[in-house]
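Each chain, letter by letter, is given below.
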Amino acid sequence: MDLIELYPNWPVQLVGNSSRGGIYCNLDEDDELEIVYNVEQQVYAWNVDGSVVDGWPQTVQLFPDGAPAFGDIDGDGEGEIVVSTRSAGTGNTGRLHAFHKDGTVVSGFPVTLIGGTTKTPVLADLNGDNTFEIILEERAYPNGYVGVYKGDGTSYPGFPVTLDYIPGSAVAVGDITGDNIPEIIAESYYSIYALDVNGNVLEGFPFTPGNDRVFSYSTPVLADLDGDGKREIIAGDHSSAAGNGAVHVLKYDGSFFPGWPKYTGYWIYGPPAVGDIDGDGSLDIAIGDQVLSGTPVSKVFVWDKDGNALPGWPTTPIWAINNQILLADLDGDNSVELMWDDNTDAGVYLGYNHDGTPMDEWPLTVTGSTFFMNPFVTDINNDGLLDISGAGRNLITSEINFYLWNANVPVNSELAELPVLQYNVQHDGVYIDVNVLNANFVATPIALCEQEETQFSDQSNGDVVSWEWEFPGGYPNASVEQNPIIWYGTEGEYDVTLTVSDGTNSHTTTKANYIKVAYEPEVPDQPTGPVVVETSQNLFTFYETSSLNADEYVWELIPDDMGLIVPGDTLNEVKIYWSQSNSYQVQLSARAINACGESELSEPLVIYVNWNTQVENQLSDNIIKMYPNPSRDNFFVEMTVPCVRVELLLVDGFGRQFIPKYLICNERNLITIEAGNIPKGVYFVVVKAESYTKVKKLVLIE
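The rules behind the values
Residues numbered from 1 in each chain as written. Predicted model: local features only at pLDDT ≥ 70, side-chain atom pairs only at ≥ 80, totals over all residues. Heavy atoms only, no water. 1 Å grid on protein atoms, 1.4 Å probe; cavity = no way out; pocket = protein on both sides within 12 Å on 5 of 7 lines; lining within 4 Å. Points joined across faces, edges and corners; volume = space filled by probe spheres on them. Buried < 20%, exposed > 50% of the residue type's maximum accessible area, 1.4 Å probe, protein only. Helix = DSSP H or I, 4+ residues; strand = E, 2+ residues; numbered from the N terminus. Pairing = 2+ DSSP bridges. Core = buried A, V, L, I, M, F, W, Y, C linked by side-chain atoms within 4.5 Å. Contact = heavy atoms within 4.5 Å. Axes fitted to C-alpha atoms, helices over the stretch in contact; angles between N-to-C directions. Phe/Tyr/Trp six-rings, centres within 6.5 Å; stacked < 30°, edge-to-face > 60°. Nonpolar A, V, L, I, M, F, W, Y, C, P; charged D, E, K, R; others polar. Disulfide = S-S within 2.5 Å.

**Quick look at empty space enclosed by the protein**
Reasoning step 1: This model, assessed by the stated rule, comprises 2 cavities of 30 Å³ or more.
Reasoning step 2: Here the largest cavity is characterised by a volume of approximately 70 Å³.
Reasoning step 3: For the second largest cavity, the calculated volume is near 30 Å³.
Reasoning step 4: Lining the second largest cavity we find Ala328, Asp329, Val377, Leu386, Val411, Asn412 and Ala416.

In structure tokens form, the structure reads like this:
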């Protein structure tokens with residue numbers, strides 16, 4: 001094997017806390033992947049050369065307790081970065097954040113949660129709409145919950161579900177009953193729950209091991225150990241009395257899988273690692289235990305699916321293991337190797353062969369401890385060679401060094417059994433045998449405009465030799481290419497079907513209403529609302545419009561200085577703060593906008609303001625003078641009538657109200673307003689006295 005090399009400009013050095021490792025994803029238009037980690041209260045994204053990706057880092061509220069996740073949560077065909085957080089100390093409050101690839105915040109986020117999140121958010125498609133929901137475990141001591149959130153930040157029907165106590169791990173999400181509908185597997189400290197997509201507890205659950213046994217940080221894994229089409233649940237626990245750990249394997253009905261549980265000498269904190277470790281065609285289970293000790297006493301255990309220890313395992317005593325063990329061909333020998341952390345300050349990732357012997361030219365060395373720093377492997381720069389990412393943290397100074405290595409061996413995707421925390425960057429915890437024939441694909445983008453094209457990418461497993469695509473509504477409407485480009489001319493939602501074959505067997509998958517083709521927005525209806533306004537009675541009025549396919553509206557008022565337009569309570573609505581001038585006439589129109597373009601302006605609504613109102617001399621524009629305008633800090637309001645019982649506020653373009661500091665008017669009826677703490681911009685200054693309300697436009701400048 002060639003020597004493992006550190007990429008130029010790595011390690012990247014920061015200060016803070018980071019837990020459970022990072023992920024890889026494509027945040028831009030090039031062929032290289034980017035690297036994303038949570039660090040303290042920020043989310044960092046780096047290019048292969050160690051530079052920060054444009055738009056990053058982004059700041060989050062509270063503190064992440066696990067890795068970020070990546071996937072399409074809003075149905076736009078592009079992945080989003082999802083991060084969950086919790087408060088320091090008790091961890092009983094939490095937030096859920098979501099960012100687009102350019103670092104901008106996804107609409108509806110952040111979400112204030114009912115508890116602090118534990119470990120890593122999980123993304124899974126619960127309702128078959130080809131977009132991911134976000135599934136979390138939340139704690140608000142002594143209560144625990146499973147929360148599910150949609151891509152707009154709202155709660156998914158049937159959730160949250162209350163657990164019997166606080167959780168310490170993340171969920172796993174996958175089909176355990178064989179009906180192609182996923183279940184949610186969640187742990188409290190005392191029990192394992194299996195929930196359907198509506199939040200109902202499956203028969204046979206919750207499972208409670210008893211005897212002072214606790215599920216804490218070891219997130220469950222789902223895998224079909226016996227090939228019956230139903231995945232088993234594999235989970236680790238520990239005993240607060242006996243001090244040992246146990247690996248439980250449960251069937252879909254909550255009963256024990258034969259040969260299990262198996263016990264370790266000490267507590268289990270890392271999730272189990274499931275894969276074909278010895279290459280015999282059957283699945284195996286690996287786990288490490290951990291304890292604080294003055295000498296190495298922990299071990300890594302590997303069993304076959306029936307609970308028999310594989311030859312060469314467990315290891316001789318080593319320092320504690322807290323990560324999920326990574327499974328991949330790390331040295332190019334066409335066999336699976338195992339990689340895990342070390343809880344000391346020695347600064348190493350350990351590598352072992354499938355037979356339990358240490359790998360040559362390992363361990364990998366870092367500065368700081370790899371404690372809870374899950375590594376990942378992938379081909380970052382698309383050169384066909386395996387790359388490794390990991391980190392080391394100084395447990396005293398909190399200095400973190402992030403590493404990217406080139407392993408200098410070819411990527412072996414068939415043996416990448418567990419390349420990243422919980423198998424994929426959605427962290428769903430589902431083992432999928434890449435050698436079993438299974439049709440799958442993605443398209444980028446899935447949301448199009450009329451007369452646009454999209455790129456389909458085959459993501460099937462198995463030894464595929466042929467592809468047959470069906471594209472109703474597309475051109476061409478069929479293809480035998482592996483990764484075709486298809487053009488869509490007419491708006492609508494279209495199914496896509498892919499059949500793959502290995503020459504003997506075939507497998508077909510259909511994604512219903514997968515491609516969504518939109519068209520330019522229709523011209524909105526003429527706005528509706530009051531057409532006669534008396535500002536002595538109404539400081540503002542509401543107006544609304546409608547267009548069948550608008551994502552937003554742009555409103556136009558002519559003349560534009562006679563009112564201030566701010567958003568209303570719905571997408572279709574606006575609120576207008578009117579100028580207090582004498583009678584005038586305005587025209588209000590709206591323009592519809594969506595991803596495909598913008599419409600023409602609607603037919604205008606003519607509005608008559610103070611048209612039939614007799615404006616007395618004391619209400620003329622001469623009643624109030626305001627200067628200087630524009631203003632930098634302080635400004636003055638001078639009145640020609642006594643300024644007794646005067647109220648004053650500023651309203652900005654979003655309808656937000658600011659109450660400035662001001663002085664009671666002096667004998668000259670002059671009010672001094674302190675506006676230095678108010679953001680710069682355009683405002684309406686609202687002056688309310690006993691017998692009238694006046695509004696003046698003000699510009700605050702730097």
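Further notes follow.
**Some points on the pairing of strand β57 (residues 670-674)**
Reasoning step 1: With 4 of its 5 residues buried, β57 lies for the most part within the structure.
Reasoning step 2: Judged from the 5 bridges that link them, strand β53 (residues 634-639) and β57 form a sheet pairing that is antiparallel. Its bridge partner being in β57, valine 637 is matched across the sheet by isoleucine 671.

**A word on the nonpolar core**
Reasoning step 1: Within the largest apolar cluster, 51 residues are counted, with the highest numbers of intra-cluster contacts made by Leu27, Trp46, Ile81, Leu330 and Phe402.
Reasoning step 2: For this core, the leading source of residues is strand β34 (residues 399-410), giving 7 residues.
Reasoning step 3: Leaving out residues up to four positions away in the same chain, leucine 27 has contacts with Glu34, Val36, Ala45, Val53, Trp56, Phe70, Ile81 and Lys101.
Reasoning step 4: Among the nonpolar cores identified, the runner-up in size contains 36 residues, and Ile234, Val274, Trp303 and Trp313 belong to it.

**Quick notes on the sheet that holds strand β47 (residues 563-567)**
Reasoning step 1: The strand order across the open sheet formed by 3 strands is β45-β48-β47, and the pairing between neighbours is antiparallel. A strand with exactly one partner marks an edge of an open sheet, and here the two such strands are β45 (540-544) and β47. Between one strand axis and the next, the sheet turns by 30 degrees as a mean value, whatever way the strands run.
Reasoning step 2: The sheet contact formed by β45 and strand β48 (residues 573-578) spans 5 bridges and is antiparallel. Counted as the bridge partner of phenylalanine 542 is lysine 575 from β48.

**Comments concerning the packing of aromatic side chains**
Reasoning step 1: The final tally for this structure, using the stated rule, is 35 aromatic pairs.
Reasoning step 2: Judged by centre distance (6.4 Å) and plane angle (50 degrees), the ring pair of tyrosine 156 and phenylalanine 159 falls under tilted.
Reasoning step 3: Classification of tyrosine 156 as buried rests on a relative accessible area of 9%.
Reasoning step 4: Centroid distance tyrosine 269 to phenylalanine 372: 6.5 Å. Interplanar angle 15 degrees. Geometry classified as stacked.

**Notes on the layout of surface pockets**
Reasoning step 1: As a volume, the second largest pocket reaches approximately 550 Å³.
Reasoning step 2: Forming the boundary of the second largest pocket are 23 residues, of which Asn17, Ser19, Asp65, Arg86 and Lys119 lie nearest the centre.
Reasoning step 3: For the lining of the second largest pocket, a count of residues per class yields 10 nonpolar, 7 polar and 6 charged.

**Observations regarding unusual backbone geometry**
Reasoning step 1: That bond from tryptophan 56 to proline 57 is cis: its omega, 5 degrees, falls within 30 degrees of zero.
Reasoning step 2: Along the chain, the position of proline 57 falls in the loop between β5 (42-46) and β6 (58-59).
Reasoning step 3: Proline 142 follows tyrosine 141 through a cis peptide bond whose omega is 5 degrees.
Reasoning step 4: Residue position: proline 142 is located in the loop between β14 (133-140) and β15 (143-149).
Reasoning step 5: The phi dihedral of asparagine 9 is positive, around 75 degrees, even though this residue is not glycine.
Reasoning step 6: For asparagine 9, the position within the fold is in the loop between β1 (5-6) and β2 (12-15).
Reasoning step 7: Positive phi values are uncommon outside glycine, yet histidine 427 reaches one of about 60 degrees.

**Let's talk about the state of the cysteines**
Put plainly, a disulfide is one covalent bond tying together the sulfur atoms of two cysteines.
Reasoning step 1: The full count for this structure, using the stated rule, is 1 disulfide.
Reasoning step 2: At a sulfur-sulfur separation of 2.0 Å, the disulfide partner of cysteine 449 is cysteine 596. One disulfide, between cysteine 449 and cysteine 596, carries an S-S torsion of -100 degrees and so falls in the left-handed class. Of this pair, cysteine 449 sits in strand β36 (residues 447-449) while cysteine 596 sits in the loop between β49 (584-594) and β50 (597-598); the two residues are 147 residues apart in sequence, bridging distant segments of the chain.
Reasoning step 3: The exposure class of cysteine 449 is buried, given its relative accessible area of 11%.

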